[in-house]
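Observations on the model geometry
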Amino acid sequence: LVLGTALIVFLFLRKKTHKEKQVETDQELLKEVEELERMQKSNSKEKILKEINPAFFGYFQYYVLGITLIILAFWQINPENTLIMGVFIMLGIFIILITELKRRSIKYTITNKKIMSEDKFLTKKTKEITYDLITDIELNQNFMERLSKTGTISITTASGKTFEIKGIRDLNIVKDLISNQKIKQ
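Throughout what follows, the structure given in this document is the object of discussion. Please read all numbers here as calculations on a predicted model, not as lab measurements.

**Here we look at the packing of aromatic side chains**
This structure, assessed with the given rule, holds four aromatic pairs. Arranged with centres 4.3 Å apart and planes meeting at 25°, the rings of Phe56 and Tyr63 form a pair that is stacked. In this structure Tyr63 comes out as buried when scored by relative accessible area, which is 4%. An angle of 40° between the planes, with centres 6.3 Å apart, marks the rings of Tyr59 and Tyr62 as tilted. Overall, Tyr62 belongs to the partly exposed group, its relative accessible area being 39%.

Here you go:
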């Protein structure tokens, strides 16, 4: 009887130990899976590489127009033309103000996964392009942009659409950053 009881207790303990081992193994597997998921998430996290706003000189022609209107208003100083003078001054200030608000509302963001363009002037417009869709990267500078060291990067996608980063400085640095990210993808 004692031997039978000892055998039953032994078998019971052995089963319990086996179950405990199974639970421990399951917990270890769960920890490994969680660790793998955490590592995968950390690898897939989007990192901002560069944020760019258009340069002042990217909108230079609009500032010149506004200043020219203000100068014209004072050049035509005549007590009889104060209404015209006021209109020219207000129009010049309005053009400069709108241009500055527009320039500051645009933001280009380059991440390790995509390129984004965000325009928050009056309405919100967002564009995104992933590196795998890029087929061509082109730098464009007219004469005034060359003098002011600004320009536009035109990115062509596989579907033929063009994504532009306008009025920025350091064109070659930004182009190289985009090209390097495209190669990594």
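**Observations concerning the sheet that holds strand E3 (residues 114–119)**
Spatially, four strands are ordered E1-E2-E3-E4 in an open sheet, and the strand pairing comes out antiparallel. Two strands in the sheet have a free side with no partner beyond their single neighbour: strand E1 (48–52) and strand E4 (125–130). Along the sheet, successive strands turn relative to each other by an average axial angle of 15°, direction set aside. Relative to E3, strand E2 (residues 106–111) is paired through five bridges, and the arrangement is antiparallel. Each bridged residue has a counterpart across the sheet, and for Ile106 the counterpart in E3 is Asp119. The strands touched by helix H3 (residues 82–105) within the sheet are E2 and E3, with E2 carrying the most contacts at an inclination of about 15°. Relative to the sheet, helix H5 (residues 171–184) contacts E1, E2 and E3, its axis offset from that of E1 by approximately 150°.

**Here we look at the pattern of salt bridges**
With the rule as written, the count across this model stands at eight salt bridges. Here Glu51 makes a salt bridge to Lys107, at a shortest N to O gap of 3.8 Å. Of the two residues, Glu51 is situated in strand E1 and Lys107 in strand E2; the sequence distance between them amounts to 56 residues. The exposure class assigned to Glu51 is partly exposed, which follows from its relative accessible area of 46%. Residue Lys107 is classed as partly exposed on the basis of its relative accessible area of 28%. Put simply, Glu118 and Lys124 hold a salt bridge, and the shortest N to O gap is 3.6 Å. Exposure remark for Lys124: the relative accessible area of 59% places this residue in the exposed category. When salt bridges that share partners are traced, they join Glu100, Arg103 and Arg104 into one network.

Thresholds applied
Residues numbered from 1 in each chain as written. Predicted model: local features only at pLDDT ≥ 70, side-chain atom pairs only at ≥ 80, totals over all residues. Heavy atoms only, no water. Phe/Tyr/Trp six-rings, centres within 6.5 Å; stacked < 30°, edge-to-face > 60°. Buried < 20%, exposed > 50% of the residue type's maximum accessible area, 1.4 Å probe, protein only. Pairing = 2+ DSSP bridges. Helix = DSSP H or I, 4+ residues; strand = E, 2+ residues; numbered from the N terminus. Axes fitted to C-alpha atoms, helices over the stretch in contact; angles between N-to-C directions. Contact = heavy atoms within 4.5 Å. Salt bridge = Lys/Arg side-chain N within 4 Å of Asp/Glu carboxyl O.

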